[in-house]
Amino acid sequence: MYKKQNIWFAAAYSGITFLCVLLMSALPAGASSKENTFKPDQFIDPETCGACHDEIMAQWQGSMHNLSHKDPIYNRVAQFFRQGLTDAGQIEEAESCVKCHTPVGYITGFPKKLSDDLSQTGQIPAQGIQCDYCHTAVDVTRMYNNGLVLSPGQGEDDPGVKFGPFDDAEPDFHDAAFSKLHTDSKICGTCHDVKHAVFGTDLETTYTEWKNGPYNSPDPEKHVSCQGCHMYQRPGVPATGSTPRPANPGSAAADAKQRPHIFTHGFVGANSGVPEMFSAKDKSLMAVERLTHAADIFLVMIDSHTARVVVTNTGAGHSLPTGVGDLRQVWIEVTLTDSDGKAVFQTGVPDKNNELPENTVMFKTILGDGFGNPVINMAKAKEILSDTRIPVGKSAVHLFNLNTTPQKGYTLTARLMYRSMPQKILNQLPGDPLGPLPVVEMAAVRKEF
């Protein structure tokens with residue numbers, strides 16, 4: 001199935017595009033290049049890839065990479081944030097989402113901005129982050145806002161070189177070459193670090209969080225890349241920092257060589273809601289499995305009416321939560337019930353609109369407008385006012401005044417909860433109601449009196 005090739009000799013099969021790659025790889029970090037634009041017919045439909053890579057295709061279908069363009073939460077919230085903007089810098093940021101969410105479309109000319117008619121997006125670009133996007137990557141120009149450099153082929157008649165983790169692959173349909181980049185966290189970090197397109201504000205720092213954390217160890221025995229968790233996960237194997245991460249033996253394609261590990265392509269992260277909207281229940285369950293192995297919670301009474309709750313990031317290779325830290329919701333819910341099960345005290349419990357009370361203890365970033373005022377629209381973000389997320393391996397401690405002394409028969413419960421988007425934002429969207437999104441219990445602890 002696979003032809004062993006020297007990487008530079010193999011890449012030359014891409015012809016003129018390879019010359020562009022050489023020029024682009026010489027650019028300084030952060031530079032942009034008009035050469036990194038291609039024609040739509042240079043990219044191969046994922047369905048074609050799935051003819052040989054059927055198991056990997058099944059893993060990828062319904063994943064958040066596959067759904068990045070179609071995700072209705074992303075689409076409606078991004079469009080909502082775009083409305084009414086008049087500042088040029090804010091508009092440029094709001095329009096830039098497609099660079100990572102519809103990358104093949106962006107580099108082939110449509111869509112170039114969020115306000116384009118996304119319903120007109122071609123079949124291949126609409127497949128989100130896909131096979132022929134990642135596996136034609138050859139370099140990185142910057143570690144944010146999608147700095148990948150590509151060397152695609154010329155479509156199905158001349159597919160060119162596909163790059164991956166093996167140096168002895170022998171495919172029939174395309175050429176193949178080993179790529180260190182595909183085993184390095186950098187290939188993930190180019191999209192999973194996001195800076196404001198104009199103001200430079202850090203909007204997402206997942207890669208940086210990993211880079212500055214213990215999993216980016218110089219000791220090869222202790223080093224765990226992004227792939228070391230997220231591309232080991234499969235149903236029943238959460239593959240977090242707090243669980244085993246066993247290898248996934250098998251073959252990358254039908255009739256291909258059996259290998260000790262084949263990287264999985266489920267790419268669910270923590271999103272259990274969106275995959276289920278597209279009937280990918282297995283991906284939703286995988287997201288829940290990952291969330292329930294990401295943190296621990298501890299509870300103790302320090303006096304007659306004060307509870308001490310400690311949350312520790314035991315399983316994530318980045319901050320908790322990560323991603324767009326002002327939109328992800330991780331919070332502590334504390335409830336005290338009497339012997340009849342009636343709530344005597346509670347905090348962090350959603351109201352009838354599924355919105356959280358203002359005094360909820362939440363781990364998040366708060367963005368600002370440059371004058372110290374909080375903003376929920378990242379397009380307006382010129383500063384970070386606060387960041388209470390929990391770094392890798394660290395703990396957060398909070399005290400809760402129960403306003404009463406628990407009596408015999410009372411039960412005190414502390415739960416760590418997750419939701420991928422505030423319902424308060426979804427409730428403001430025009431059109432049909434959206435949500436409520438799933439709320440996942442990440443960890444819980446109870447104390448009986």
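Going by the structure above, here's the rest.
Overview of the structure. (Residues numbered from 1 in each chain as written. Predicted model: local features only at pLDDT ≥ 70, side-chain atom pairs only at ≥ 80, totals over all residues. Heavy atoms only, no water.)

### Remarks on the overall build of the chain
Then, number 1: The helix and strand tally for the chain stands at 15 helices and 17 strands.
Then, number 2: Overall size of the chain, expressed as C-alpha extent along the three principal axes, is 75 × 55 × 40 Å.
Then, number 3: When each of the 449 residues of the chain is scored for burial, the buried share is 54%.
Then, number 4: The long-range share in the chain, meaning contacts at least 24 apart out of those at least 6 apart in sequence, stands at 67%.
Then, number 5: Working note: accessible area of the chain is about 20400 Å², and carbon and sulfur atoms make up 53% of it.
Then, number 6: Across the chain, 39 positive and 49 negative side-chain charges occur, with their mean positions spaced 5 Å apart. (Helix = DSSP H or I, 4+ residues; strand = E, 2+ residues; numbered from the N terminus. Buried < 20%, exposed > 50% of the residue type's maximum accessible area, 1.4 Å probe, protein only. Contact = heavy atoms within 4.5 Å. Areas by Shrake-Rupley, 256 points an atom, 1.4 Å probe, with all protein chains shown as cover. Lys, Arg positive; Asp, Glu negative; His and termini not counted. Charge placed at Lys NZ, Arg CZ, Asp CG, Glu CD.)

### Some remarks on the pattern of salt bridges
Then, number 1: As enumerated under the stated definition, the model contains 14 salt bridges in all.
Then, number 2: With a closest N to O distance of 3.2 Å, lysine 281 and glutamate 276 form a salt bridge.
Then, number 3: Connected via shared salt-bridge partners are Asp168, Lys257 and Arg259. (Salt bridge = Lys/Arg side-chain N within 4 Å of Asp/Glu carboxyl O.)

### Some words on empty space enclosed by the protein
Then, number 1: Under the defined criterion, the tally for this structure stands at one cavity of 30 Å³ or more.
Then, number 2: The computed volume of the largest cavity comes to approximately 40 Å³.
Then, number 3: When the residues that make up the lining of the largest cavity are grouped by side-chain class, the tally is four nonpolar, four polar and no charged. (1 Å grid on protein atoms, 1.4 Å probe; cavity = no way out; pocket = protein on both sides within 12 Å on 5 of 7 lines; lining within 4 Å. Points joined across faces, edges and corners; volume = space filled by probe spheres on them. Nonpolar A, V, L, I, M, F, W, Y, C, P; charged D, E, K, R; others polar.)

### Focus: the nonpolar core
Then, number 1: Grouped together as the largest cluster of nonpolar side chains are 30 residues, with contacts concentrated most on Val309, Val311, Ile332, Val334, Leu416 and Met442.
Then, number 2: If you list the elements that add at least two residues to this core, you get strand S7 (295-301), strand S8 (306-313), strand S9 (329-337), strand S11 (361-363), strand S15 (395-401), strand S16 (411-419) and strand S17 (440-448).
Then, number 3: Excluding anything up to four places from it in sequence, valine 311 contacts Ala295, Asp296, Ile297, Ile332, Phe363, Ile390, Lys394, Ser395, Ala396 and Leu416.
Then, number 4: Listed in part, the 20 residues of the second largest apolar core include Leu67, Phe81, Val324 and Met421. (Core = buried A, V, L, I, M, F, W, Y, C linked by side-chain atoms within 4.5 Å.)

### Re the sheet that holds strand S12 (residues 365-368)
Then, number 1: Across the sheet, which stays open at both edges, the three strands sit in the order S13-S12-S14 with antiparallel pairing between neighbours. Each having just a single partner strand, strand S13 (374-375) and strand S14 (383-387) make up the two edges of the open sheet.
Then, number 2: Here S12 runs beside S13; their pairing, made up of two bridges, is antiparallel. Looking across to S13, one finds that glycine 368 is bridged to proline 374. (Pairing = 2+ DSSP bridges.)

### Here's the deal with unusual backbone geometry
Then, number 1: Residue leucine 320 is joined to proline 321 through a cis peptide bond whose omega torsion reads -5 degrees.
Then, number 2: Within the element layout of this structure, proline 321 appears in the loop between S8 and S9.
Then, number 3: Along the chain, glycine 435 connects to proline 436 via a cis peptide bond; the corresponding omega equals 5 degrees.
Then, number 4: Relative to the elements of secondary structure, proline 436 occurs in the loop between helix H15 (423-426) and S17.
Then, number 5: One non-glycine residue with positive phi stands out, namely aspartate 255, at about 65 degrees.
Then, number 6: Residue aspartate 255 is classed as exposed on the basis of its relative accessible area of 78%.
Then, number 7: The backbone of serine 279 sits at a positive phi, close to 65 degrees, despite the residue not being glycine.

### Some details on the layout of surface pockets
Then, number 1: The calculated volume of the second largest pocket comes to roughly 470 Å³.
Then, number 2: Elements that contribute at least two residues to the lining of the second largest pocket include exactly S12, S13 and H15.
Then, number 3: Looking at the lining of the second largest pocket, its residues break down into 10 nonpolar, five polar and six charged.

### Notes on the sheet that holds S7
Then, number 1: In spatial order, the strands read S7-S8-S15; together these three strands make up an open sheet with antiparallel pairing. This sheet does not close on itself; its edge strands, each paired only once, are S7 and S15. Looking at each pair of strands side by side, their axes are set apart by 20 degrees on average, direction ignored.
Then, number 2: Inspection of the sheet shows S7 paired to S8 by seven bridges, in the antiparallel sense. In the sheet register, aspartate 296 faces S8, and the bridge partner there is threonine 312. (Axes fitted to C-alpha atoms, helices over the stretch in contact; angles between N-to-C directions.)

### Side note on the packing of aromatic side chains
Then, number 1: Summed over all chains, the structure comprises four aromatic pairs.
Then, number 2: Ring geometry for phenylalanine 80 versus phenylalanine 81: centroids 6.1 Å apart, planes at 40 degrees, classification tilted.
Then, number 3: Residue classification places phenylalanine 81 among the buried residues on the basis of a relative accessible area of 7%.
Then, number 4: Geometry around tyrosine 106 places lysine 112 over its ring, the cationic atom sitting 3.8 Å from the centre.
Then, number 5: Geometry around phenylalanine 199 places lysine 382 over its ring, the cationic atom sitting 4.9 Å from the centre. (Phe/Tyr/Trp six-rings, centres within 6.5 Å; stacked < 30°, edge-to-face > 60°. Lys NZ or Arg CZ within 6 Å of the ring centre and 35° of its normal.)

### Remarks on the side chain of arginine 419
Then, number 1: In this fold, arginine 419 is placed in strand S16.
Then, number 2: The side chain of arginine 419 sits in the buried core without any salt bridge; aspartate 351 is the nearest counter-charge, 7.7 Å away.
Then, number 3: Within polar-contact distance, the side chain of arginine 419 engages the backbone oxygen of asparagine 354 at 2.8 Å.
Then, number 4: Discounting residues that sit within four places of it in the chain, arginine 419 has contacts with Arg328, Gln329, Trp331, Asn354, Leu356, Leu437, Pro438 and Val439. (Polar contact = N/O pair within 3.5 Å; in protein donor to acceptor, adjacent residues only side chain to side chain.)

### What about a nonpolar patch on the surface?
Then, number 1: A cluster of nonpolar side chains, Phe298, Val300, Ile302, Val397 and Leu399, forms an exposed patch at the surface whose accessible area comes to about 430 Å².
Then, number 2: Secondary-structure elements contributing two or more residues to the nonpolar patch are S7 and S15.
Then, number 3: Summarising the element assignment, leucine 399 is placed in strand S15. (Patch = residues over 30% accessible without salt bridge, like charges linked within 9 Å, V, L, I, M, F, W, Y side chains within 5 Å.)

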